[in-house]
Amino acid sequence: MGRSNFMMNYYKNYKEELEVIEEKSKTFKPKPWWAYLLFYCYLIFYGYIFWMKPLDIPV
């Protein structure tokens, strides 16, 4: 009987954690549109820096 009590407690804890996660997901708000724009600009900037031809600087 010890194992079945363990499984019941495990399931009860699992169910409580799921309820907490569900409550958090109900209050989730997506990021504003400008956050996506900033991330897109970040990608373009670093893409330009790392894939551009090296500068020709006379020494």
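Use the structure listed above.
Residues numbered from 1 in each chain as written. Predicted model: local features only at pLDDT ≥ 70, side-chain atom pairs only at ≥ 80, totals over all residues. Heavy atoms only, no water.

Novice: Just checking my understanding: could you explain a negative patch on the surface for this structure?
Specialist: Taken together, the side chains of Glu-16, Glu-17, Glu-19 and Glu-22 present a region of like negative charge at the surface. When you line up the elements, Glu-17 lands in helix H1 (residues 2–26). With relative accessibility at 52%, the residue Glu-17 sits in the exposed group. (Patch = residues over 30% accessible without salt bridge, like charges linked within 9 Å, V, L, I, M, F, W, Y side chains within 5 Å. Areas by Shrake-Rupley, 256 points an atom, 1.4 Å probe, with all protein chains shown as cover. Salt bridge = Lys/Arg side-chain N within 4 Å of Asp/Glu carboxyl O. Lys, Arg positive; Asp, Glu negative; His and termini not counted. Charge placed at Lys NZ, Arg CZ, Asp CG, Glu CD. Helix = DSSP H or I, 4+ residues; strand = E, 2+ residues; numbered from the N terminus. Buried < 20%, exposed > 50% of the residue type's maximum accessible area, 1.4 Å probe, protein only.)

Novice: When you look at the packing of aromatic side chains in this model, what are you seeing that I'm missing?
Specialist: Aromatic rings in a pair are described by how distant their centres are and how their planes are angled relative to each other. Counted according to the given criterion, the structure contains five aromatic pairs. Between Phe-45 and Tyr-46 the ring centres are 5.1 Å apart and the planes differ by 85°, which places this aromatic pair in the edge-to-face class. For Phe-45, a relative accessible area of 46% puts it in the partly exposed group. A residue is classified by how much of its surface remains accessible, and Tyr-46, at 36% relative accessible area, is partly exposed. A ring pair is formed by Tyr-46 and Phe-50, whose centres lie 6.0 Å apart and whose planes are at 20°; its orientation type is stacked. On the criterion of helical spacing, the pair formed by Tyr-46 and Phe-50 is a turn pair, its members being four residues apart in helix H2 (residues 33–51). Three or more aromatic residues link up through ring pairs in this structure, and these residues are Phe-39, Tyr-42, Phe-45, Tyr-46 and Phe-50. (Phe/Tyr/Trp six-rings, centres within 6.5 Å; stacked < 30°, edge-to-face > 60°.)

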